Amino acid sequence: MSQSAVQLTPLALRMLQALAQEQQARAGQPVPLVRLAKRLEAAASSVLRELAMLNLLLAQAQQAPWVETQSVDGRWMLALTAPGAAAASQIAQA
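How each quantity is defined
Residues numbered from 1 in each chain as written. Predicted model: local features only at pLDDT ≥ 70, side-chain atom pairs only at ≥ 80, totals over all residues. Heavy atoms only, no water. Helix = DSSP H or I, 4+ residues; strand = E, 2+ residues; numbered from the N terminus. Buried < 20%, exposed > 50% of the residue type's maximum accessible area, 1.4 Å probe, protein only. Contact = heavy atoms within 4.5 Å. Expected span 1.5 Å × (residues − 1). Arc of directions from axis to C-beta.

Draft legend 1. Highlighting the side chain of T81. Locating T81 in the fold gives a position in the loop between strand 3 (75–80) and helix 4 (82–93). Accessibility expressed as a relative area gives 17% for T81, which makes it buried. Other than its neighbours up to four places away in sequence, T81 contacts P65, W66, V67 and E68.

Draft legend 2. Focus on helix 4. Spanning twelve residues, helix 4 covers 17 Å between terminal C-alpha atoms, matching the ideal 16 Å at 1.5 Å per step. When helix 4 is considered as a whole, its buried residues turn out to be P83, G84, A87, A88 and I91. Projected onto a plane normal to the axis of helix 4, the buried residues spread over an arc of 135° and lie on a single side. Seen from the buried face of helix 4, the exposed residues on the opposite side, beyond 90 degrees, are A82, A92 and Q93. Each element contacted by the buried residues of helix 4 is listed here: helix 1 (10–25) and strand 3.

Shown next, in the form of structure tokens:
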């Protein structure tokens, strides 16, 4: 799944790369939103807004979401989907 069909913002690029690195360090487990936001030096609300815009762009391009969110014990957790992991890998190689 190529990112070429979707124009990514600098924050979206950094978010995907950071999420991939954090998730790899956690043996594939989801990453707390707060941890990712801190790593990106961005407000958690900004990260969620960027994620919503990314998923909207992907939906418009008829592509599957790259990041899934879930609430676990009152904390928002983020994880790359298979297409998201492939996109993050392509970004890392670019």
